[in-house]
Amino acid sequence: MNTLTMNALIGLFVVLACTGMFFFATTRGTLIVRDLTGGRNTPESHVYPIYSRMGLIKLVDFQPIISAILLFQYPRLVTKIVNGLKATNLKGKQVLITSCAFGNVMPRTIEASIGSGAKRVVVADIIRNELQHARSKLDQQFGKKIDYVEEDATSMKLKEGFADANIMFFLLHELPHELKIKALQEAGRMLAKGGKLYLGEFHKPDSMFFQILSWTYFKVFEPLGLALWDSHDPVVLLQDMGGWSVERQTFFFGNFQIVTATKL
């Protein structure tokens, strides 16, 4: 192996190691320190700094980075939701986005919702900085058609049954297990009869190879996400609640899922 190749491999290793340390420090690492130092216990205590500090939000919300984190399946996942919204008659109705998400999922789903006739889209998030960042991305294109509300996904104060579609994109895996259930209950409570919940999330991979890689990733960065594989599978949780018709489509060897649940 020549010197150039060796230096390239060392450089790649350093970049990957630094990237991993950055994401650990701004996700699980911060929560570990917070627990050890007796940090405040508030409804947003489980939220990683990467989703709450404006500087970090702006740094990370870059489409290539977000796509890479989801193994470049991001466009396929969003398109599945967009196609569902386009196929739905939302004329004069309202759409809820429960929790802001990085990348272009919000502009794409809002555009699809308005194209299907929605009169208003409500974006709800517990973190004010997320709402401000979302507004900076969306206001120029959609303006007054969007309401931004500071709301806890596990305890909503919005009017029950006001929405005919609810989009929850990669939120559940970040929540403590008891809050996963509450978030799904609230998602349903916000929907009118016949309304649809579009849920994007991680899923247990089909192959042992990807299961090992995913398990390692979750153990290091997102330990609360592993419950989606078994005890807190969103499809099972929704079916156990009753009152739902649930469909699931998986992507990229089963690593990701889009759940479409219709409120009966």
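Note: the structure precedes this text.
In what follows, the accompanying structure is described.

Calculation rules
- Residues numbered from 1 in each chain as written.
- Predicted model: local features only at pLDDT ≥ 70, side-chain atom pairs only at ≥ 80, totals over all residues.
- Heavy atoms only, no water.
- Helix = DSSP H or I, 4+ residues; strand = E, 2+ residues; numbered from the N terminus.
- Contact = heavy atoms within 4.5 Å.
- Core = buried A, V, L, I, M, F, W, Y, C linked by side-chain atoms within 4.5 Å.
- Buried < 20%, exposed > 50% of the residue type's maximum accessible area, 1.4 Å probe, protein only.
- 1 Å grid on protein atoms, 1.4 Å probe; cavity = no way out; pocket = protein on both sides within 12 Å on 5 of 7 lines; lining within 4 Å.
- Points joined across faces, edges and corners; volume = space filled by probe spheres on them.
- Nonpolar A, V, L, I, M, F, W, Y, C, P; charged D, E, K, R; others polar.
- Patch = residues over 30% accessible without salt bridge, like charges linked within 9 Å, V, L, I, M, F, W, Y side chains within 5 Å.
- Areas by Shrake-Rupley, 256 points an atom, 1.4 Å probe, with all protein chains shown as cover.
- Salt bridge = Lys/Arg side-chain N within 4 Å of Asp/Glu carboxyl O.
- Expected span 1.5 Å × (residues − 1).
- Pairing = 2+ DSSP bridges.
- Right-handed = clockwise from strand over helix to strand, strands pointing away.
- Axes fitted to C-alpha atoms, helices over the stretch in contact; angles between N-to-C directions.
- Phe/Tyr/Trp six-rings, centres within 6.5 Å; stacked < 30°, edge-to-face > 60°.

1. Observations concerning the environment of T260
Here is step 1 of the chain: Turning to its location among the elements, T260 is positioned in strand 7 (residues 256-263).
Here is step 2 of the chain: Sequence-wise, T260 and I81 are 179 residues apart; in three dimensions their C-alpha atoms are separated by 8.4 Å.
Here is step 3 of the chain: Those residues in contact with T260, other than ones at most four positions away along the chain, are K196, L197, Y198, S245, V246 and E247.

2. Quick notes on the nonpolar core
For soluble globular proteins, the rule of thumb is that nonpolar side chains tend to be buried together.
Here is step 1 of the chain: Core analysis: the largest hydrophobic core is formed by 46 residues, its most contacted members being L77, L85, M106, I110, V123, L138 and F169.
Here is step 2 of the chain: In terms of residue count, the dominant contributor to this core is helix 5 (residues 74-86) (six residues).
Here is step 3 of the chain: Those residues in contact with L138, other than ones at most four positions away along the chain, are M106, P107, I110, G143, I146 and Y148.
Here is step 4 of the chain: Counting residues in each nonpolar core, the second largest holds 28 residues, with V122, A124, V235 and A261 among its members.

3. What to know about the side chain of H232
Here is step 1 of the chain: With respect to the helices and strands, H232 occurs in the loop between helix 9 (208-220) and helix 10 (234-241).
Here is step 2 of the chain: For H232, a relative accessible area of 12% translates into the label buried.
Here is step 3 of the chain: Once you skip the residues sitting within four places of it in the chain, H232 turns out to touch H177, K180, I181, A227 and L237.

4. So, empty space enclosed by the protein
Here is step 1 of the chain: Using the criterion set out here, one finds one cavity of 30 Å³ or more in the structure.
Here is step 2 of the chain: Of the pockets and cavities examined, the largest cavity occupies roughly 30 Å³.
Here is step 3 of the chain: Going through the elements one at a time, helix 6 (105-115) and strand 4 (163-169) are the ones with two or more residues in the lining of the largest cavity.
Here is step 4 of the chain: Ranked by the residues each element gives to the lining of the largest cavity, the list is headed by helix 6, at three residues.
Here is step 5 of the chain: The residue makeup of the lining of the largest cavity, split by class, is six nonpolar, two polar and no charged.

5. A look at a nonpolar patch on the surface
Here is step 1 of the chain: Taken together, the side chains of F24, I32 and V220 present a nonpolar region at the surface, about 200 Å² in accessible area.
Here is step 2 of the chain: Among the secondary structure elements, I32 is positioned in helix 2 (residues 28-36).
Here is step 3 of the chain: On the basis of relative accessibility, which here comes to 33%, the residue I32 falls in the partly exposed class.

6. Side note on helix 8 (residues 177-189)
Here is step 1 of the chain: A rise of 1.5 Å per residue sets the reference length of helix 8, with its 13 residues, at 18 Å; its end C-alpha atoms lie 19 Å apart and thus fit the reference within 8%.
Here is step 2 of the chain: Listed in full, the buried residues belonging to helix 8 are L179, K180, A183, L184, E186, A187 and G188.
Here is step 3 of the chain: Along its buried surface, helix 8 packs onto strand 4, strand 5 (191-202), helix 10, strand 6 (244-251) and strand 7.

7. Observations regarding the pairing of strand 3 (residues 146-150)
In summary, the side chains of a regular strand alternate between the two faces of the sheet.
Here is step 1 of the chain: Direction of pairing for strand 2 (residues 120-125) relative to strand 3: parallel, over a ladder of five bridges. From the neighbouring strand, V122 faces strand 3, where its bridge partner is D147.
Here is step 2 of the chain: This β-α-β element, strand 2 to helix 7 (residues 128-142) to strand 3, shows right-handed connectivity.

8. A few points about the sheet that holds strand 5
Here is step 1 of the chain: Read from one edge of the open sheet, seven strands run 3-2-1-4-5-7-6, paired in mixed fashion. Two strands close off the open sheet at either side, each with one partner strand: strand 3 and strand 6. Ignoring which end each strand starts from, the neighbouring axes of this sheet average 15° apart.
Here is step 2 of the chain: In this fold helix 6 packs onto strand 1 (94-98), strand 2, strand 3 and strand 4, with an angle of close to 165° to the strand it touches most, strand 1.

9. Some remarks on the pairing of strand 1
Here is step 1 of the chain: Counting buried positions over the five residues of strand 1 gives four, a clear majority of the element.
Here is step 2 of the chain: Remark: the strand 1/helix 6/strand 2 crossover connection has right-handed handedness.
Here is step 3 of the chain: Taken together, the three bridges between strand 1 and strand 4 define a ladder with parallel strand orientation. Bridging from a neighbouring strand, I97 pairs with I167 of strand 4.

10. What about the packing of aromatic side chains?
Here is step 1 of the chain: Inspection of the entire model under this criterion finds 16 aromatic pairs.
Here is step 2 of the chain: Look at F170 and F202: their rings are 5.1 Å apart centre to centre, the planes differ by 85°, and that puts the pair in the edge-to-face class. Remark: F202 occurs in strand 5 and F170 occurs in the loop between strand 4 and helix 8; sequence separation between them is 32 residues. For the residue pair F170 and F202, the accessibility class agrees, reading buried in each case.
Here is step 3 of the chain: A ring pair is formed by F202 and F218, whose centres lie 5.1 Å apart and whose planes are at 90°; its orientation type is edge-to-face. Taken together, the residues F202 in strand 5 and F218 in helix 9 connect sequence positions 16 residues apart. A single burial state applies to F202 and to F218, both of which are buried.
Here is step 4 of the chain: Each member of the aromatic cluster is reached from another via a ring pair, and the members are Y74, F169, F170, F202, Y217, F218, F221, W229 and F256.

Functional significance is not addressed by these values, which are geometric in nature.
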